Amino acid sequence: MHQDNRLPHNNKEGAIYGATICFLTALMMTTFNVILHTPEVNAQTLKSIAFFFPLMFVIAMLVGPLLVGRIAEKAMHRLSPATDSGNAKILFRMVFTVFGMSLVMTGIGNLIAFGADGWLNRMLHDWPRNFFIVLILEALVIQPIARAVMVKLHQKTGEVKTA
């Protein structure tokens, strides 16, 4: 069976692929949300980003594979017929993962940054924006970088297969 060289082939590669996606997404969205909620960009803003980014990265690395990734995989298999192309499956999986991760991470991020007071209202306000931003970033920046990492890894290990 032909394996797509843009995707992980084993658990180790899956961890690298997932970590690449989580790292880039957490970095970009933490930076965006901290700057969005700060009156001006200054040293304190950068300190806040430096504080929140590692925290959000670790949370994403736990929530992604343990919860959201499993649900997204089941949804993709249920809603994407076996005859769908590899690209269609990648797209389905990405949309389902972004939906779940943006929902969970917006909720957790708001809880950490602002506390429980007004949490639901802030969550309902912030989540749609975060969902669409992450969906665009995933499609145009993050997924292409993660897939390029996999192709380079397969070239390095000699696993590149030609069609």
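Everything below is about the structure shown above.
Participant: For this particular structure, what's the right way to read helix H3 (residues 86-114)?
Facilitator: Residues separated by three or four positions in an α-helix point in the same direction, a consequence of the helix having 3.6 residues per turn. When the terminal C-alpha atoms of H3 are compared, their 41 Å separation across 29 residues agrees well with the 42 Å that a helix rising 1.5 Å per residue should span. On its buried face, H3 sits against helix H2 (43-79) and helix H4 (119-157). Positive backbone phi, at 80°, marks Gly 115, one or two positions downstream of H3.

Participant: I'm lost on the environment of Phe 114 in this one. Help?
Facilitator: Following the sequence through the fold, Phe 114 ends up in helix H3. For Phe 114, a relative accessible area of 35% gives the class partly exposed. With 90 residues separating them along the chain, Phe 114 and Leu 24 place their C-alpha atoms 23 Å apart. Among residues more than four places away in sequence, those in contact with Phe 114 are His 37 and Arg 122.

Participant: Sorry if this is basic, but what is going on with the packing of aromatic side chains here?
Facilitator: Two descriptors summarise a pair of aromatic rings, namely the distance from one centre to the other and the angle between the planes of the rings. Here the structure, examined in full by the defined rule, presents nine aromatic pairs. Seen from their ring centres, Phe 51 and Phe 52 are 5.1 Å apart, and the 75° between their planes marks the pair as edge-to-face. With a relative accessible area of 53%, Phe 51 lands in the exposed category. A network of ring pairs unites the aromatic residues Phe 99, Trp 127, Phe 131 and Phe 132 as a single cluster. For Arg 122, the ring lying beneath its charged end belongs to Phe 114, and the centroid distance is 3.8 Å.

Calculation criteria
- Residues numbered from 1 in each chain as written.
- Predicted model: local features only at pLDDT ≥ 70, side-chain atom pairs only at ≥ 80, totals over all residues.
- Heavy atoms only, no water.
- Helix = DSSP H or I, 4+ residues; strand = E, 2+ residues; numbered from the N terminus.
- Expected span 1.5 Å × (residues − 1).
- Contact = heavy atoms within 4.5 Å.
- Buried < 20%, exposed > 50% of the residue type's maximum accessible area, 1.4 Å probe, protein only.
- Phe/Tyr/Trp six-rings, centres within 6.5 Å; stacked < 30°, edge-to-face > 60°.
- Lys NZ or Arg CZ within 6 Å of the ring centre and 35° of its normal.

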